[in-house]
Amino acid sequence: MPPVIKQRKQVLFSHILELLRRRVNEPRLVLYNCPMTEKLNLEKTNSLYKEAWELVPGAVAGIRRPYNFVPGEYPIFFDSAKGGKVTDVDGNEYLDMLCAYGPIIIGHREREIDNAVISQIKSKGFCMSLTQSYQNELVRKLREIIPSCEKAVLVKTGSDATSVAVRVARAFTGRTKVLRCGYHGWHDWCVEVKGGVPPKLYEDIFEFHYNDLDGLESLLKTHGPDTAAVIITPVGHPLAHEVQMPKPGYLEGVRELARKHGAVLVFDEIRSGFRVNIGGAQKEFGVTPDLSVFGKAIANGYELSVVAGKAEIMNMLEQKVFLSSTFFPNSLAQVAALKTIEIMRRDDILGKIRAKGEKFARKTEKILAASGVPCRLSGAPWMPFITFDKDDKQLYKQLRNEFYTQLIRRKIFLQPYHHGYIAYRHTDKDLSHAADMIGESLAEARKLM
């Protein structure tokens, strides 16, 4: 071989080796071997949906309607659930990473919890004219766990709890205006869709944005003397947007501004309570509000929420503020909550969920970074949410739609417009598989770019 040709081959070979070395060290697209995934068989779910339109306005309620998912791709009716899985009426089984929108903290059909409830039904009953003693037992537990809890009342839903907190704050301060940040339920003062709600019922409500201390301060400069409450989700989860953690000093700043202007600070911990920390985000971040509301994960799926806070404020409920319901004293959810708290403390449930969530997030973030798709993961390790970066041509909507279409076909149940959750019964194998399916789905979505 002539020396010149030999030299050129050596140079070319060296160049190829250098390119390969760079490829190894640089982020790169993961080339998933994506099997063809067919549309799910949803024959029965679609039949039930058609029937439901003749029976129920909108067929199913609110956020569970098909337009909040990918219409035609997601099931509409579930049949059963166990552990970290859920099965639809057509027999398709999914890894359930929506967890009933948050209440499932341990797993579906937890034997210890369900047995405690069944025992209560069989041995004592649960719906009576007077309160059963489980109320006292549960509130004593809450006082041990929640920093802001000196006294508490037990209600049923998140909307119940936030509305009670606002009413109590208004009674305590003698003021009317409320400054809000986050989703707080469907009652008149805070519902996002205003149909059927007279403007006068929310004209004293003013919104500020999470992690924007200047915005809150500006509102308080204008409305401070008339502000009864500042209510905020201590972990930011604006609708359809990425989950936000508080910037350093943000919650402390909110606490100080509310105190300065004589407003009651309310933490809406319906999602973050008993998940971010058993004592809530207030325990995790070291900022104690005047009042706080808890729900969802407190009873692992049984219907219960809590308003807790300083005794002098909560005592408005003795006479000045009226609160009553036929079903608030029902003991089944209280029994479930006592057993849920016992298991969570005994088995370090939240420590294990955090570890699983962190492991899942590390793998998923690597997959997202290498995918070439403009998207991001937020909410880790507790409330994972994959969102797509907005662009002028609105390609992000197509990417989101295709990604979640591919993901549900791979039997991973997440929601395009709402963050997910990690439950204790999600195994490391489950979550690793979910991350792989996220990678496959992103590879399919990338074909639109």
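Okay, so let's go over this structure. (Residues numbered from 1 in each chain as written. Predicted model: local features only at pLDDT ≥ 70, side-chain atom pairs only at ≥ 80, totals over all residues. Heavy atoms only, no water.)

What the four strands build is an open sheet, ordered E1-E2-E3-E13; its pairing is mixed. At either end of the open sheet lies a strand with only one pairing partner, and these are strand E1 (78-82) and strand E13 (412-413). (Pairing = 2+ DSSP bridges. Helix = DSSP H or I, 4+ residues; strand = E, 2+ residues; numbered from the N terminus.)

Omega for the bond connecting Ala380 with Pro381 falls within 30 degrees of zero, at 0 degrees, which places this linkage in the cis form. Its location among the elements puts Pro381 in the loop between strand E11 (375-378) and strand E12 (385-388). Of note in this structure, Cys99 is not a glycine but carries a positive phi near 55 degrees. For Cys99, the location among the structural elements is in the loop between strand E3 (93-96) and helix H3 (111-123). Owing to a relative accessible area of 1%, Cys99 belongs among the buried residues under this scheme. (Buried < 20%, exposed > 50% of the residue type's maximum accessible area, 1.4 Å probe, protein only.)

The next thing to look at is the layout of surface pockets. Here the largest pocket defines a volume of roughly 1000 Å³. Together, 35 residues line the largest pocket, and Ile63, Tyr183, Gly185, Trp186 and Lys296 are the ones closest to its centre. Ranked by residues supplied to the lining of the largest pocket, first place goes to helix H5 (residues 158-173) with three residues. (1 Å grid on protein atoms, 1.4 Å probe; cavity = no way out; pocket = protein on both sides within 12 Å on 5 of 7 lines; lining within 4 Å. Points joined across faces, edges and corners; volume = space filled by probe spheres on them.)

To continue, consider the packing of helix H12 (residues 395-409) against helix H13 (residues 428-446). As a packed pair, H12 and H13 sit with axes 8 Å apart at the nearest point and diverge in direction by 135 degrees. Taken as axis vectors, H12 and H13 run oblique relative to one another. Between H12 and H13 lies a crossing whose hand is right-handed. Packed against H12, whose contacting residues are Leu399, Glu402, Phe403, Gln406 and Leu407, the element H13 presents Met437, Ile438, Ser441, Leu442, Glu444 and Ala445 at the interface. Of the residues assigned to the contact of H12 with H13, the class counts are seven nonpolar, two polar and two charged. (Axes fitted to C-alpha atoms, helices over the stretch in contact; angles between N-to-C directions. Parallel < 35°, antiparallel > 145°, perpendicular 65-115°, else oblique. Left-handed = near helix turned anticlockwise from the far one by under 90°. Contact = heavy atoms within 4.5 Å. Nonpolar A, V, L, I, M, F, W, Y, C, P; charged D, E, K, R; others polar.)

We now examine empty space enclosed by the protein. Within this structure, the stated rule accounts for two cavities of 30 Å³ or more. Here the largest cavity defines a volume of roughly 40 Å³. Surrounding the largest cavity, His237, Pro238, Leu239, Ala240, His241, Arg271, Phe385, Tyr417, His418 and His419 form its lining. Residue classes in the lining of the largest cavity are distributed as five nonpolar, four polar and one charged.

Let us now look at the packing of helix H6 (residues 213-223) against helix H7 (residues 250-260). Between H6 and H7, the least distance of the axes is 10 Å, while the angle of their chain directions is 5 degrees. One finds that H6 runs roughly parallel with respect to H7. Listed contacts from H7 to Leu213, Leu216, Glu217 and Leu220 of H6 are Tyr250, Gly253, Val254 and Leu257. Looking at the contact of H6 with H7, its residues break down into six nonpolar, one polar and one charged.

A few words now on the side chain of Gln282. Topologically, Gln282 is positioned in helix H8 (residues 281-285). The class for Gln282 is buried, based on a relative accessible area of 1%. Setting aside residues up to four positions removed in sequence, Gln282 forms contacts with Ile146, Pro147, Ser148, Phe267, Glu269, Val287, Thr288, Pro289, Ser292 and Phe294.

Here we come to the nonpolar core. Ranked by internal contacts, the top residues of the largest apolar core, which has 84 residues, are Leu142, Phe274, Phe388 and Tyr404. Among the elements that line this core, the one with the most residues is helix H10 (residues 332-346), at nine residues. Residues within four places of Tyr404 in sequence aside, it is in contact with Val70, Tyr74, Phe385, Ile386, Phe388, Leu414, Gln415 and Pro416. In terms of nonpolar packing, the next biggest core, distinct from the first, is built from 27 residues, Val155, Ala165, Trp189 and Phe328 among them. (Core = buried A, V, L, I, M, F, W, Y, C linked by side-chain atoms within 4.5 Å.)

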